[in-house]
Amino acid sequence: MSKLLKEHLGQFPNLSMSILPTPVHKLEFLSRKYNCNIYCKRDDLTGFAFGGNKIRKLDYLLMDALNKKCDSIVTNGSNQSNWCRMTATAGAANMLEVHLVLAGENPDKYTANLLLDELVGANIHHVNTDDDTLLEKVSLEQVEKLKEQGRRPYYMSVGGSNSIGALGYIRAFQEILEYSNESGIEFSKIYMGSGSAGTQAGLVAGQLLSGWGGVITGINVSRSKIEQEEKVKIIVEDTLRLLNVQMDQSIWNKQVVNNDNYLGEGYRKNTEGARQAIELFARKEGIFLDEVYTGKAAAGLIDHLEKGLISSDENVLFIHTGGNVQLFE
Ligand SMILES: Cc1ncc(COP(=O)(O)O)c(C=O)c1O
């Protein structure tokens with residue numbers, strides 16, 4: 001199964017900035033506590049710029065930008081966006097001028113991701129809004145300004161979540177299959193946080209291409225179940241098109257599964273479940289999570305364990321997608 005994914009991915013060169021494959025290991029405390037087998041794929045350890053899921057997407061996206069002879073990048077996100085930190089660093093390391101359009105006020109003191117954005121020399125444009133449409137409009141205006149200056153900008157929508165970015169998570173899915181082949185540990189369920197949806201879309205595309213029979217659950221961090229499932233499906237469809245694979249959506253519709261029970265009041269709004277999950281992972285597993293993404297995803301996993309939705313004969317994989325720089329906000 002993993003060979004087939006490798007063949008699909010082989011058509012697309014990438015920059016290999018991520019240190020791969022990321023390790024997989026058992027979460028000993030959780031597994032003992034709930035008498036089951038919970039594993040963690042450590043995508044917080046992708047290496048580049050403090051790690052996390054976004055560098056897998058950037059491996060493909062920046063390769064595309066360089067192939068198109070672009071000399072600058074424009075993207076956007078929140079003031080403390082992990083995506084923007086990764087893009088700023090990866091762009092700088094590839095000698096591209098990076099423009100970040102960030103939602104929120106320009107704070108007096110830069111911390112965490114914002115501090116790193118500045119350190120790597122990104123051009124930061126603050127827009128005091130929480131309206132994603134306005135943020136995108138300002139970003140596209142920035143693209144036009146650069147073109148007027150004779151530059152060749154490459155625009156990346158928030159989170160790098162499009163078909164090219166999703167290739168990075170087909171690659172992650174291939175690693176999961178290879179891990180299973182080598183260890184004999186077959187997973188029945190995969191959990192991870194789902195925001196701009198490219199991570200989940202790449203994993204689902206990997207599932208569809210390989211015929212893997214388990215369930216991938218995206219724990220929502222910003223939208224309702226219906227909205228998020230729609231968002232994931234659009235990227236899965238685009239990704240299959242990019243790979244030239246014909247597969248009717250009615251066949252795979254049900255494989256896009258999202259859960260909004262752990263979202264709380266919305267994006268970047270802390271929840272008690274996430275706070276408890278962060279504390280448990282830090283104190284019992286030696287792993288740092290964040291409040292925006294992985295804390296909520298782990299809260300979902302723990303709640304499913306509490307409710308007995310995972311049985312003792314299953315192997316379950318939690319993907320740690322990074323983001324723990326947030327703890328230094
Ligand atoms: C740490 C972390 N985890 C998970 C996600 C969600 O990934 P995606 O936006 O591809 O859904 C993000 C996105 O910003 C993230 O920064």
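Our structure is the block above this text.
Basis of the calculations
Residues numbered from 1 in each chain as written. Predicted model: local features only at pLDDT ≥ 70, side-chain atom pairs only at ≥ 80, totals over all residues. Near = placed C-beta within 6 Å. Helix = DSSP H or I, 4+ residues; strand = E, 2+ residues; numbered from the N terminus. Nonpolar A, V, L, I, M, F, W, Y, C, P; charged D, E, K, R; others polar. Domains from an automatic or database assignment. Pairing = 2+ DSSP bridges. Axes fitted to C-alpha atoms, helices over the stretch in contact; angles between N-to-C directions. Contact = placed C-beta atoms within 7 Å. Core = buried A, V, L, I, M, F, W, Y, C linked by C-beta atoms within 7 Å. Buried ≥ 20, exposed ≤ 12 C-beta atoms within 10 Å, placed from the backbone.

What about the site of the ligand?
Right, on to step 1. The environment of the ligand is formed by 19 residues, the closest being Ser196, Thr199, Tyr293, Thr321 and Gly323.
Right, on to step 2. Looking at the shell around the ligand, the element that brings in the most residues is helix H8 (residues 198-210), giving 3 residues.
Right, on to step 3. A class-by-class count of the residues in the shell around the ligand yields 3 nonpolar, 16 polar and no charged.
Right, on to step 4. Looking at which domains feed residues into the shell around the ligand, each of domain 1 (2-52 + 162-328) and domain 2 (54-160) gives three or more.

What about the sheet that holds strand E10 (residues 315-320)?
By definition, the strands of a sheet pair up through backbone hydrogen bonds, in either a parallel or an antiparallel sense.
Right, on to step 1. One open sheet holds the 6 strands; their spatial order is E1-E2-E10-E7-E8-E9, and the pairing between them is mixed. The open sheet has two edge strands with one neighbour each: strand E1 (24-26) and strand E9 (257-259). For this sheet the average axis-to-axis angle between neighbouring strands, irrespective of direction, equals 30°.
Right, on to step 2. Where strand E7 (residues 189-194) lies against strand E8 (residues 215-220), 6 bridges are found, and the strand directions are parallel. What sits directly across from isoleucine 190, in E8, is isoleucine 216.
Right, on to step 3. Against the sheet, helix H12 (residues 294-306) touches E7, E8, E9 and E10, its axis set at about 145° to E7.

Overview of the nonpolar core
Right, on to step 1. Core analysis: the biggest nonpolar cluster contains 84 residues, and Ala298 and Phe318 have the highest contact counts within it.
Right, on to step 2. Considering every element that reaches this core, the biggest residue donor is helix H7 (residues 163-183), with 10 residues.
Right, on to step 3. Structurally, this core is a two-domain feature, drawing no fewer than three residues from each of domain 1 (2-52 + 162-328) and domain 2 (54-160).

What about unusual backbone geometry?
Right, on to step 1. Put simply, leucine 20 and proline 21 share a cis peptide bond, and its omega is 0°.
Right, on to step 2. Position of proline 21 relative to the elements: it lies in the loop between helix H1 (2-9) and E1.

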